[in-house]
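So you can see what is in the structure, the chains are spelled out below.
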Amino acid sequence: TRDARCAGPKWPASVGDKTLKQLWKVKLGPSYSGPIVGTDIVYTTETEKNENEVVRAYDRDSGKELWQSRWPGAMKVPFFARSNGSWIRSTPALDGDNLYVAGMRDVLACLDARSGKKKWLIDFPKKAGTPLPAFGFVCSPLVTEDALYVQAAAAFLKLNKDTGEIIWKALGDGGGMWGSAFSSPALATLAGRKQVVVQTRTTLAGIDLAKGGVLWSEKIEAFRGMNILSPSFQGDSVFTSTYGGKTMVINITEKEKKLEAKRSWDHPTQGYMSNPVLIKGHAYVHLKNQRVTCFELSSGEKKWTTTERFGKYWSMVSQGDRILALDQKGVLYLIRATPEKFDLLSSFKVSDSDTWAHLAIAGDQLFIRERDGLSAWKWSEAKTP
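The text that follows walks through the structure, step by step, so that each part is easy to find. (Residues numbered from 1 in each chain as written. Predicted model: local features only at pLDDT ≥ 70, side-chain atom pairs only at ≥ 80, totals over all residues. Heavy atoms only, no water.)

For the protein chain, the count of helices and strands is one helix and 32 strands. In terms of overall dimensions, the protein chain is globule-like: its C-alpha atoms have a radius of gyration of 20 Å, near the 21 Å expected for 385 residues. In the protein chain, which comprises 385 residues, the share counted as buried stands at 58%. Residue pairs in contact within the protein chain that sit at least 24 positions apart in sequence constitute 51% of those at least 6 positions apart. Within the structure as shown, the protein chain displays about 16,100 Å² of accessible surface, and the carbon and sulfur contribution to it stands at 47%. The protein chain carries 53 positive and 41 negative side-chain charges, and their two centres are separated by 3 Å. (Helix = DSSP H or I, 4+ residues; strand = E, 2+ residues; numbered from the N terminus. Rg over C-alpha atoms; globule rule 2.2 N^0.38 Å. Buried < 20%, exposed > 50% of the residue type's maximum accessible area, 1.4 Å probe, protein only. Contact = heavy atoms within 4.5 Å. Areas by Shrake-Rupley, 256 points an atom, 1.4 Å probe, with all protein chains shown as cover. Lys, Arg positive; Asp, Glu negative; His and termini not counted. Charge placed at Lys NZ, Arg CZ, Asp CG, Glu CD.)

Another point: the sheet that holds strand E9 (residues 118-123). Strand order in the open sheet formed by four strands is E6-E7-E8-E9, with antiparallel pairing between adjacent strands. Each edge of the sheet is formed by a strand with only one pairing partner; in this case those strands are strand E6 (93-94) and E9. Relative to strand E8 (residues 107-112), strand E7 (residues 98-103) is paired through six bridges, and the arrangement is antiparallel. In the strand pairing of E8, Gly103 is matched with Val107. (Pairing = 2+ DSSP bridges.)

Following the sequence through the fold, Met226 ends up in the loop between strand E17 (214-219) and strand E18 (232-234). Note: C-alpha distance between Met226 and Lys21 (205 residues apart in sequence) is 37 Å.

In a beta sheet, neighbouring strands are held together by backbone hydrogen bonds and run either parallel or antiparallel to one another. Read from one edge of the open sheet, four strands run E1-E32-E31-E30, paired in antiparallel fashion. In this open sheet, the two strands that pair with only one neighbour each are strand E1 (20-27) and strand E30 (360-362). Going from strand to strand, the sheet's axes swing by 20 degrees on average, the running direction of each strand aside. Pairing between E1 and strand E32 (residues 373-379): seven bridges, direction antiparallel. Looking across to E32, one finds that Lys27 is bridged to Gly373. (Axes fitted to C-alpha atoms, helices over the stretch in contact; angles between N-to-C directions.)

The next thing to look at is the environment of Trp11. As for its position among the elements, Trp11 is in the segment before E1. As a C-alpha pair, Trp11 and Asp364 span 353 residues in sequence and 8.1 Å in three-dimensional space.

Attention now moves to the pattern of salt bridges. Under the criterion given, the structure shown has 19 salt bridges. The residue Asp40 makes a salt bridge to Arg114 at a minimum N-O spacing of 3.0 Å. Of this pair, Asp40 sits in the loop between strand E2 (36-37) and strand E3 (41-48) while Arg114 is found in the loop between E8 and E9, placing the two residues 74 residues apart along the sequence. Residue classification places Asp40 among the partly exposed positions, given a relative accessible area of 33%. As a salt-bridge pair, Arg56 and Glu46 come within 2.3 Å of each other at their nearest N and O atoms. A residue pair is termed long-range when its members are at least 10 positions apart, and Arg56 in strand E4 (residues 52-59) and Glu46 in strand E3 qualify at 10 residues. The same class applies to Arg56 and to Glu46, which are both buried. (Salt bridge = Lys/Arg side-chain N within 4 Å of Asp/Glu carboxyl O.)

Set out below in structure tokens:
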């Protein structure tokens, strides 16, 4: 759903050594990809020796490796983005039977989720004649009942998920430095029309699911086209925030059977890499300046901003009025979402290594992808002595 909302058992009241127990941990090569959790398997990626990209599957409870799949896939990102590593970036997508994994060199593979066997692999530069994207394949594939949606081949694509064949292509931008944008697409129903919403390097747009036509669009400014956040939704409104641009809400309306986009408000505050969470009419956002802020979605009023600076990246999930945030510095935060103040309930160090990948939570288990490993944790209420 890409709304950062977590179903399942109610979360414990705190994070700490009394509520979090590490089940297992394995050493791995580096990755930015978030782990993906299936019924009994957890999947992760790695860049191996700057030569190959590897997908590994582990038993959720024991950490036993079940299979691995690999292909040649290393590349270097531009020098100004290289300080944190040129590792595989895209988080895979799972539909139960198949795992869809994007490699840095603009390739997309479909693997059997039980065995790791390759069903197909599409090399977009070869297939579409487009140059390698300077930052690699970054967006996470969106998987639906009958299709895949990705930003690849210097455009936005709908693919047959059984074969990898391109069904339609939209919003082409020429490739190279300006190709294959970062933001992951999301499904939404806006102004009564179900659509896929995507943020390219220059444009936020709603796309018709069947034919790929642009239903509405809004130009979005960002430094070097680094529109990294995925769009978030409340009613018929779209929230986004960009590095080198602004924070804003776009309202979508229907007029004479056509959809129109109008900016409701914008603010000079800049987001960066971390997707926000939207709770009860407010957006909670980790910013470019490494602080965290709360916006009222209806007015654009900034309710509060932390004085403390955190890591360069946060991943966030929510349940009710609680936010669980994994900081790039390896700290897990449990926060009460309120426009009144930054209400930190508890925190716990879960990694001595950087944690650039998105936190994964399933039932009473948490999965933390560190720069050099994957760990599984069991979460429960603290027992009264």
